[in-house]
Amino acid sequence: MLARLIGVTKRYGKTEGVHDLSLELYPGQAVGLLGLNGSGKTTTLKLLAGMLFPTQGRVEVLGKSPRENRGQIAYLSDADNLYAWMTPGDAERFMRGLYPDFNPRRYRELLAFLEVPQQSYRAMSRGQRARLRLAMVLARDARLFLLDEPLSGIDVISRDRILKSLVLEWREEACLVLSTHEVSEAEGIFERVLLLKEGRLALDALAEDLRARGQSVKDAFIEVLA
Ligand SMILES: Nc1ncnc2c1ncn2[C@@H]1O[C@H](COP(=O)(O)OP(=O)(O)OP(=O)(O)O)[C@@H](O)[C@H]1O
């Protein structure tokens, strides 16, 4: 097992971000984290990344707290948060300085695959910015990848191409958790889907088990929300 949440509740004052959440993540898995707006996806990813502490319960990454294993975790927030002057080359130097596991060769392959233009962040479109931030994070050799709505702003044709390539060629040694509220996007892509509803884990299923039941991810989603 690579990471787990054990009975985790996170409260923000009176609001609950997640409630009594338990789940286990394994190497080689590409997991789709689904849910409506406000269902707790970002909270879950931040708890796993060690950016939030549980109000109750425990989070472990490789048997330690996420903070103790920070070097093994690659987290991509949903915020548009790079320096305006940074070009892809500057971003490479920045990441190399920060993360010993940053792989420059993979980064350059990703820049080409994601068609990131060689210009400053400020001059990029929203989708181009999302592509650059994705390349920066995926170029790491971390064990746990936590991507919060990484494709938001990217056009629908490219989203499909990027997601398929990312998930279907996922690395054996690492686990990917990718959040999206676009349920249709998860169809036929992820081997496992987690569905959050009002901060609770409403479904944790292997796609093949859903298929065996004759259910699509969307069917399961609608059933859970009903
Ligand atoms: N900093 C905060 N302060 C107060 N409440 C918060 C905070 N962050 C999140 N929440 C609340 O926690 C709940 C879960 O939010 P979260 O951002 O985890 O959902 P989400 O599934 O990522 O939503 P979205 O799809 O809109 O990004 C929501 O009710 C939200 O209002």
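Please read all numbers here as calculations on a predicted model, not as lab measurements.

Draft legend 1. Representation of the site of the ligand in the model. The immediate surroundings of the ligand are formed by Tyr 12, Thr 15, Gly 17, Leu 36, Asn 37, Gly 38, Ser 39, Gly 40, Lys 41, Thr 42 and Thr 43. At 3.0 Å, a backbone N or O of Gly 40 approaches an oxygen atom of the ligand. Here an oxygen atom of the ligand and a side-chain polar atom of Thr 43 are 2.6 Å apart. Where the shell around the ligand is concerned, the elements lending two or more residues are strand S2 (15–25) and helix H1 (41–49). The element best represented in the shell around the ligand is H1, accounting for three residues. The residue inventory of the shell around the ligand, partitioned by class, reads two nonpolar, eight polar and one charged.

Draft legend 2. Structural view of the nonpolar core. Counting residues in hydrophobic clusters, the biggest one holds 50 residues, and the most contacted among them are Tyr 107, Leu 132, Phe 145, Leu 147, Leu 176 and Phe 190. Ranked by residue count, the leading element in this core is helix H4 (residues 126–138), at seven residues. Beyond its immediate sequence surroundings of up to four residues, Leu 176 is in contact with Gln 29, Ala 30, Val 31, Phe 145, Leu 147, Leu 166, Val 167 and Trp 170. Counting 25 residues, the second largest nonpolar core, distinct from the first, contains Leu 2, Leu 23, Val 59 and Leu 146.

Draft legend 3. Fine view of the pairing of strand S9 (residues 200–206). As defined by bridge partners, strand S8 (residues 192–197) adjoins S9 across six bridges and the pair is classed as antiparallel. Opposite Lys 197, over in S9, you have Arg 200 as the bridge partner.

Draft legend 4. View of the pattern of salt bridges. On inspection of all chains with the given rule, the structure shows 16 salt bridges. A salt bridge links Glu 115 to Arg 161; the shortest N-O distance between them is 3.7 Å. Highlighted residues: Glu 115 in the loop between helix H3 (104–113) and H4 and Arg 161 in helix H5 (residues 156–168), separated in sequence by 46 residues. We classify Glu 115 as exposed; its relative accessible area is 52%. Several salt bridges converge on common partners, so that one network encompasses Glu 115, Arg 131, Asp 155 and Arg 161.

Reading the values: the criteria
- Within any chain, residue numbers begin from 1 and follow the written order of that chain's sequence.
- pLDDT decides what is reported in this predicted model: residues at 70 or higher carry local features, side-chain atom pairs at 80 or more are listed and counted, and totals for whole chains, interfaces and linings draw on all residues regardless.
- Note that water and hydrogens are dropped before the side-chain values are worked out from all heavy atoms of the structure.
- In this text, near means that some heavy atom of the residue lies within 4 Å of the molecule or strand in question.
- In protein, a polar contact requires one atom able to donate a hydrogen and another able to accept it; more generally it is a pair of N or O atoms within 3.5 Å, and residues adjacent in sequence count only if both atoms are side-chain atoms.
- Numbering of helices and strands runs from the N terminus, with a helix taken as a DSSP run of H or I at least four residues long and a strand as a DSSP run of E at least two residues long.
- Polar here means any residue other than Ala, Val, Leu, Ile, Met, Phe, Trp, Tyr, Cys and Pro, which are nonpolar, and Asp, Glu, Lys and Arg, which are charged; Gly is therefore polar.
- In plain words, nonpolar cores are sets of buried Ala, Val, Leu, Ile, Met, Phe, Trp, Tyr and Cys residues tied together by side-chain atoms within 4.5 Å.
- Remark: exposure states derive from per-residue accessible area (1.4 Å probe, protein chains only) relative to the maximum for the residue type, with buried under 20%, exposed over 50%, and partly exposed in between.
- By the convention used here, residues are in contact when the closest approach between their heavy atoms is within 4.5 Å.
- A pair of strands is considered paired only if DSSP assigns at least 2 bridges between the two.
- Salt bridge, as applied in this entry: a Lys or Arg side-chain nitrogen positioned within 4 Å of an Asp or Glu carboxyl oxygen.

Everything listed here is a matter of coordinates, which is why it stays silent on function.
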